[in-house]
Amino acid sequence: MMNGGRKMKRLKVVAILLCMTVIAGCFMPAAKSQARTAKQKKAKAAYTRMMKYSSVKKFATVDVNGDGIKELVTWKTDGSEASQDIFTYYKGKVIRLNTACGNANYVYYDRMKKCIICDNSGTAEIYWRYKVVNGHVKKLPNYEVRFRVEGDTSSDLIYVACNTSTGKLQEMTKRKFSSERRRWKKIKPHKNTKKNRNKYL
């Protein structure tokens, strides 16, 4: 009987511990969500203060890395090739990211690869790609469309991922490049007005 009583007590303790684990598991996602919401509110307030007195003409926000905090893309003029800057909010500060977007024709983001893409196409079709990690950018290989024989416009076009730090090229099929390209979503700007800041930041 004594052994039976001890076993019952142990089972009750195990059952209580299991219940506590399940309950804690239910509250953890909610706590994370609340923390993200609080951080996003702080980011919005910081972006709003910066934008209110800046010369920025247009802006857009997008959560590039999926951490719940939106990045801010700004345009300094209304022109089709306006100079662009990209900012993130990290550890209580608005940080300008070091990208080569500059006068990109368009800015996109890829939700699957969680990166920003800057269309720097001119005489050549080039796309610069960046991830946002801990308040900084991590450069990904460019996507480029090249002639198979450099300088020979009569040669076939090739699609490559080009690692600019190593010079390494990885050839892609046109089908794969097109498949990747279809995932990109163009980041559309809004005029820098009080109404738009309240609505879109």
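The preceding data block contains the structure.
The following refers to the structure shown.

The next subject is the packing of aromatic side chains. By the definition in use, this model includes seven aromatic pairs. Geometrically, the ring pair formed by Tyr127 and Phe177 is tilted, given 6.2 Å between the ring centres and 45° between the ring planes. Pair noted here: Tyr127 is in strand β7 (residues 125–133) and Phe177 is in helix α2 (residues 174–183), with a separation of 50 residues, a long-range link. Residue class for Phe177 comes out buried when judged on its relative accessible area of 5%. Under the relative-accessibility criterion, Tyr127 is labelled buried at 3%. Within the aromatic cluster, the residues linked to one another by ring pairs are Tyr106, Tyr108, Tyr127, Tyr143, Tyr159, Phe177 and Trp184. Here the basic side chain of Lys139 rests over the ring of Tyr130, its NZ or CZ set 5.5 Å away from the ring centre. Against the face of Tyr106 rests Lys186, its NZ or CZ located 4.2 Å from the ring centre.

Another aspect to go through is the sheet that holds strand β6 (residues 115–119). Taken together, the seven strands give an open sheet; going across it, the order is β10-β9-β8-β7-β6-β5-β11, and neighbouring strands pair in antiparallel fashion. Single-partner strands in this sheet number two, and they are β10 (168–172) and β11 (185–186). Summarising the sheet, β6 and β7 pair through four bridges and their orientation is antiparallel. Bridge assignment links Ile116 to a residue of β7, and that residue is Tyr130.

Within the structure shown, the criterion is met by seven salt bridges. For Arg183, the salt bridge goes to Asp110, with nearest N and O atoms at 2.8 Å. Remark: Asp110 occurs in strand β5 (residues 106–110) and Arg183 occurs in helix α2; sequence separation between them is 73 residues. The exposure class assigned to Arg183 is partly exposed, which follows from its relative accessible area of 26%. Connected via shared salt-bridge partners are Asp110, Lys113, Glu180 and Arg183.

Analysis parameters
Residues numbered from 1 in each chain as written. Predicted model: local features only at pLDDT ≥ 70, side-chain atom pairs only at ≥ 80, totals over all residues. Heavy atoms only, no water. Phe/Tyr/Trp six-rings, centres within 6.5 Å; stacked < 30°, edge-to-face > 60°. Helix = DSSP H or I, 4+ residues; strand = E, 2+ residues; numbered from the N terminus. Buried < 20%, exposed > 50% of the residue type's maximum accessible area, 1.4 Å probe, protein only. Lys NZ or Arg CZ within 6 Å of the ring centre and 35° of its normal. Pairing = 2+ DSSP bridges. Salt bridge = Lys/Arg side-chain N within 4 Å of Asp/Glu carboxyl O.

Purely spatial values, then, with no claim about function.
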